[in-house]
Amino acid sequence: MPHQTDAAPQTESAEEPGRGSAKPTSAGAPAGWPVPDPSLLEDGRPVVPAFPLDALPQPWREWVSDTAGGAGAPVDYVAQAVLGAVAGLCGAGVKACVTQSWSEPLVLWQALVGAPSAGKTPALDAIGRPLATVEKLLQRDGSPERSRGASSERRVVVRDADLAALTRSIAARPPGVLLWRDEPTPWLYALARETRHDRPRGPFIDAWSAADNLPVSVVCSLHPDGLVEALEGTPDGLVTRFLFAWPSPPPQRSLSADAPPREDEAVTMLHRIGGAVGTPDKPLTLAFHEEAVKSLERFLTDLQEEIRGTEGAEAGWLGKGRGTVVRLAAIFALLDWSRHAATARPPGAVGRDHVEAAIRLWRDYFRPHGRAVLDRCAPSDFERQVRRVVRWLKKAGAKAETTREEVRRHALGKTANAGQTDMVLGRLWSAGIVRPAAHAPLPQGGRPPHRWEINPALANS
């Protein structure tokens, strides 16, 4: 293909105006270098809102705050784990009925996005331990499915993402299970691609709707730098079913402020919820109050307008908001009810306050976090190439320079021609990640340089 000199970077200094969005030199950057664009680094993330703790009913609000502080984790992750625990307990054993013709199972798919040191594992463990105790208590109590001759191993939390293993787990616990994955492996792609002899496509994508007797909720971890790889190749629409949390690291908290662990409190409340769950053929029904339905109708009207103004993955994600808000509202109703005495009657309704809290959480928190993730995991081909080169440069460690040909051959695997590689390097120049090598003479006639220095800050990012 012809050399694309018109799109190549010019030979002006990296500090001159018009070189893009790289930040000016600061005390935190190597001398003479700008601060690299954080959006291209593994921990770079857009500004997104903090989790609205006041959306959770008491005492869960305080429980999440205290538990997150003790674990050194963002409240976002602990709150996600709580929502996932309730969804795993309920599944198809609870039905949120908005009208006579519209009901939703309590199934949620959630992804905790963050680097390995972001606090995901401590947050998940904080609810995983109480949930494991609840499993044992429910087996001791004898739940509805036990009388039907199900196996004694009725696990709520499962870690095997094999479709056959999930099917066996649900046969033992018909209301459903919570698939718990706290490691960055290609399990999602493998699961989504599994098929049954009676299905033309993989059935897992329908598990979100508890279809085909496969009610599976999900809580998983994703690394921000591996979002593309983790979700690449999965069926269209699968990623749009996830609720994402991509929080900032929590501020340092005084050790004297740590409250005693409150696992027993979580066990009591989750056990209460689990004991109220029915079976898929006789579920616990949560009807929506009249005022709750009116609030939901106003939300759906606004949502429809928003969907018309979007496209692609974002439109698909917004389209799932209808069912997701209903499920969140029902979970809030159960969390609210769980604080009452053990003799309290099972909940029977979802109120307006529950719906309003669910709408606010979905609209003001999950939507901007979802947009941030979708922008990262569904970029243009050009942006994928740029990020691919950044990862290669980071792995190079102390490497001070590279050449266009090295980038084309080793970072891009010869998937780009010389002109396209020049465009990628131009984007990285704008981002403060590379610059033309100072000791190498610049080509004449506006042609792009072939040798590039690498910002030393990249090795420490």
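Cut-offs applied
Residues numbered from 1 in each chain as written. Predicted model: local features only at pLDDT ≥ 70, side-chain atom pairs only at ≥ 80, totals over all residues. Heavy atoms only, no water. Helix = DSSP H or I, 4+ residues; strand = E, 2+ residues; numbered from the N terminus. Buried < 20%, exposed > 50% of the residue type's maximum accessible area, 1.4 Å probe, protein only. Contact = heavy atoms within 4.5 Å. Areas by Shrake-Rupley, 256 points an atom, 1.4 Å probe, with all protein chains shown as cover. Pairing = 2+ DSSP bridges. Axes fitted to C-alpha atoms, helices over the stretch in contact; angles between N-to-C directions. pLDDT = per-residue confidence, 0-100. Core = buried A, V, L, I, M, F, W, Y, C linked by side-chain atoms within 4.5 Å. Phe/Tyr/Trp six-rings, centres within 6.5 Å; stacked < 30°, edge-to-face > 60°. Right-handed = clockwise from strand over helix to strand, strands pointing away. Polar contact = N/O pair within 3.5 Å; in protein donor to acceptor, adjacent residues only side chain to side chain.

Notes on the overall build of the protein chain
Check the secondary structure of the protein chain and you find 14 helices and twelve strands. Taking all 461 residues of the protein chain together, 52% fall into the buried category. The long-range fraction of contacts in the protein chain, counting pairs at least 24 apart against all pairs at least 6 apart in sequence, stands at 74%. With the model as given, the accessible surface of the protein chain reaches about 20400 Å², and the carbon-plus-sulfur share is 51%.

Concerning the sheet that holds strand 8 (residues 284–288)
In space, the four strands of this open sheet follow the order 2-1-8-9, with mixed pairing throughout. Two strands lie at the open edges of the sheet, namely strand 2 (102–106) and strand 9 (349–350), each paired on one side alone. Alignment of strand 1 (residues 91–99) against strand 2, held across five bridges, turns out to be antiparallel. Following the sheet pairing, Ala96 is matched in strand 2 by Glu104. Those strands touched by helix 2 (residues 75–90) are strand 1 and strand 2, and its axis lies near 100° from that of strand 1. The sheet contacts of helix 10 (residues 321–337) involve strand 1, strand 2, strand 8 and strand 9, and relative to strand 2 the element is tilted by about 65°.

A look at the confidence of the model for the protein chain
Of all residues in the protein chain, 79% attain a pLDDT of 70 or more, and the chain-wide mean is 81. Contacts for the low-pLDDT stretch residues 1–27, under 50 throughout, to residues beyond four places or in other chains number 57 contacts. Low pLDDT, under 50, characterises residues 145–152; the stretch is placed with 17 contacts to residues that sit more than four places away or in other chains.

Regarding the nonpolar core
Residues Phe204, Val216 and Phe288 are the most contacted members of the largest nonpolar core, which totals 112 residues. In this structure Phe288 touches Ala96, Cys97, Val98, Val293, Val326, Ala329, Val350 and Val355, once residues within four positions along its chain are discounted. Leu41, Leu428, Trp452 and Ile454 belong to the second-largest nonpolar core, a separate cluster that totals 21 residues.

Some words on the packing of aromatic side chains
Scanning the entire structure with this criterion turns up nine aromatic pairs. Their ring planes at 75° and their centres at 5.1 Å tell us that Phe51 and Tyr365 sit as a pair that is edge-to-face. Of this pair, Phe51 sits in the segment before helix 1 (60–71) while Tyr365 sits in helix 11 (residues 352–377), and the two are 314 residues apart along the sequence. Both residues of the pair, Phe51 and Tyr365, count as buried.

Remarks on the pairing of strand 5 (residues 177–181)
Counting buried residues along strand 5, five of its five residues qualify, which places the element largely inside the surrounding structure. The side-chain alternation of strand 5 yields two buried faces, one formed by Val177, Leu179 and Arg181 and the other by Leu178 and Trp180. Where the polypeptide runs from strand 4 (residues 157–158) across helix 4 (residues 163–172) and back to strand 5, its parallel neighbour, the crossover connection is right-handed. Relative to strand 6 (residues 216–222), strand 5 is paired through five bridges, and the arrangement is parallel. Within strand 6, the residue paired with Arg181 across the bridge is Cys220.

Some thoughts on unusual backbone geometry
A cis amide bond links Gln58 to the next residue, Pro59, at an omega of 0°. For Pro59, the location among the structural elements is in the segment before helix 1. One non-glycine residue, Asp212, lies in the positive phi region at around 55°. Within the secondary structure layout, Asp212 lies in the loop between helix 5 (187–193) and strand 6. The exposure class assigned to Asp212 is partly exposed, which follows from its relative accessible area of 41%. Its identity as a non-glycine residue notwithstanding, Lys414 has a phi of 60°, on the positive side. Note that Lys414 resides in the loop between helix 13 (404–411) and helix 14 (418–430).

Regarding the environment of Arg363
Its location among the elements puts Arg363 in helix 11. Linking Arg363 and Phe299, residues 64 residues apart in sequence, is a C-alpha distance of 9.6 Å. At 2.9 Å, the side chain of Arg363 forms a polar contact with the side chain of Asp364.

As for the environment of His223
By the secondary structure assignment, His223 is in the loop between strand 6 and helix 6 (227–231). The exposure class assigned to His223 is buried, which follows from its relative accessible area of 19%. For His223 and Leu112, which are 111 residues apart along the polypeptide, the C-alpha to C-alpha distance reads 8.5 Å.

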